[in-house]
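# Coordinates in review
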Amino acid sequence: MTALPLILTVFVACAVEAIEALTIVLAAGLTREWRSTFQGMAVALAVLAAIVAALGPTITLLPLTALRLVVGALLAIFGLQWLRKAILRAAGYQSLHDEASAYLREVTAAKAAAPTSRGRVHDWYAFTLSFKGVLLEGLEVVFIVITFGANQHDVGAAVIGAAAAVVVVAVTGVLVRAPLARVPENAMKFAVGIMLTSFGIFWGAEGAGVSWPSQDAALLVLVPVVALVALCYTVLLRPRRGRSPAEPATEQVVSS
Amino acid sequence: MSRLRSIGAFWYDFVVGDDWRVALVVVAALALTAVLVHAVGVNAWWLLPVCVCAALGWSLRRATRS
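Below you will find a few notes about this structure. Note that the coordinates shown come from a computational prediction; the quantities given were computed from them, not determined experimentally.

Residue and element names in this part refer to chain A. Along the chain, Ser 130 turns up in helix 5 (residues 124-151). For Ser 130, a count of 29 C-beta atoms within 10 Å corresponds to the buried category. Put simply, Ser 130 and Val 168 are 38 residues apart on the chain and 19 Å apart in space, counted from C-alpha to C-alpha. Each residue touching Ser 130, except ones within four places of it in the same chain, is listed here: Ile 24, Val 25, Ala 28, Thr 37, Gly 40 and Met 41.

Here it is in structure tokens:
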């Protein structure tokens, strides 16, 4: 596999998480204060970078078969979580992730909290809100970067995909100065769930000792098959809710 | 102790998520694949995709019924 699918998969997955982190950072920065918000964000990014630096080289030292078995299983389980959630949202069983309302919730809570300072941090609430948001959303990014990068023996390419996503979302956020509510987040999550599940199946089975027909080219069949099955489930679930099956399965714009 | 429990709960939620049965099916399918390949000599490349797709459907059915 070349580096391009790896970079693109990591880019889309990380963009989804970066959008969610941006919502929290904006809420903290605009309603509290930017200095403490940036401090929290910087510390969280440093922790995430340390995790990648520590786990990335370590995990690549494992035997490839064992690595593919464990990482494949984890990716398949993780990918199925994303896919399940995306299908339930697309079919109308769960509400779509709404960055605008998530932002309003965070702003309301941030306005209500009393200001307290600790050490060099002037506003502890802004610091912790920003730190937790970036760290928790970033952990999923780290998981994807390490598992994809280690399996392809190209952690660098995975880091490039993740860094590009963070930069693109951050620059867009600075320009817009509002949560990115118009991004089709569920459709992106749907696509990433398909990729994670497909790669998890491919690597997991290889780790269990399977020889795929046509080797790496099997992924070119596996990804569309998983996508088709996921779309079929979405369509099958929709009419039960009394909706027209003709409605698109992708996310509608939810912002006002 | 409660901190350990919350850390454990966080990682469980992070990796396994809303439906532990899906994780169980994936692990069982991988184990069965390994047995078929190494003990029986069958190149069971088809087993994991079938199990994963079935597990997704089963999980969605459970979620939409509850």
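There's more to say after this.
Let's shift gears to the packing of helix 2 (residues 34-59) of chain A against helix 5 of chain A. Residue and element names in this part refer to chain A. Interhelical geometry of helix 2 versus helix 5 gives an angle of 20° and a closest axis separation of 8 Å. Our classification of the angle between helix 2 and helix 5 gives roughly parallel. In the packing of helix 2 onto helix 5, the handedness of the crossing is right-handed. Taken together, the residues that form the contact of helix 2 with helix 5 break down as 20 nonpolar, nine polar and no charged.

A pair of packed helices is captured by two measures, namely the crossing angle of their axes and the spacing between those axes. For the pair helix 3 (residues 64-90) of chain A and helix 3 (residues 47-65) of chain B, interaxial distance at closest approach is 11 Å and the crossing angle is 45°. Our classification of the angle between helix 3 of chain A and helix 3 of chain B gives oblique. Classified by chirality, the crossing of helix 3 of chain B by helix 3 of chain A is right-handed. The segment helix 3 of chain A lies against helix 3 of chain B, with Ala 76, Leu 80, Leu 83, Arg 84, Ile 87 and Leu 88 of chain A engaging Val 52, Leu 56, Ser 59, Leu 60 and Ala 63 of chain B. Within the contact of helix 3 of chain A with helix 3 of chain B, the residues separate by chemical class into nine nonpolar, one polar and one charged.

Calculation rules
- Residues numbered from 1 in each chain as written.
- Chains lettered and ligands numbered in written order.
- Predicted model: local features only at pLDDT ≥ 70, side-chain atom pairs only at ≥ 80, totals over all residues.
- Helix = DSSP H or I, 4+ residues; strand = E, 2+ residues; numbered from the N terminus.
- Buried ≥ 20, exposed ≤ 12 C-beta atoms within 10 Å, placed from the backbone.
- Contact = placed C-beta atoms within 7 Å.
- Axes fitted to C-alpha atoms, helices over the stretch in contact; angles between N-to-C directions.
- Parallel < 35°, antiparallel > 145°, perpendicular 65-115°, else oblique.
- Left-handed = near helix turned anticlockwise from the far one by under 90°.
- Nonpolar A, V, L, I, M, F, W, Y, C, P; charged D, E, K, R; others polar.

None of the figures reported here should be taken as evidence of function without further support.
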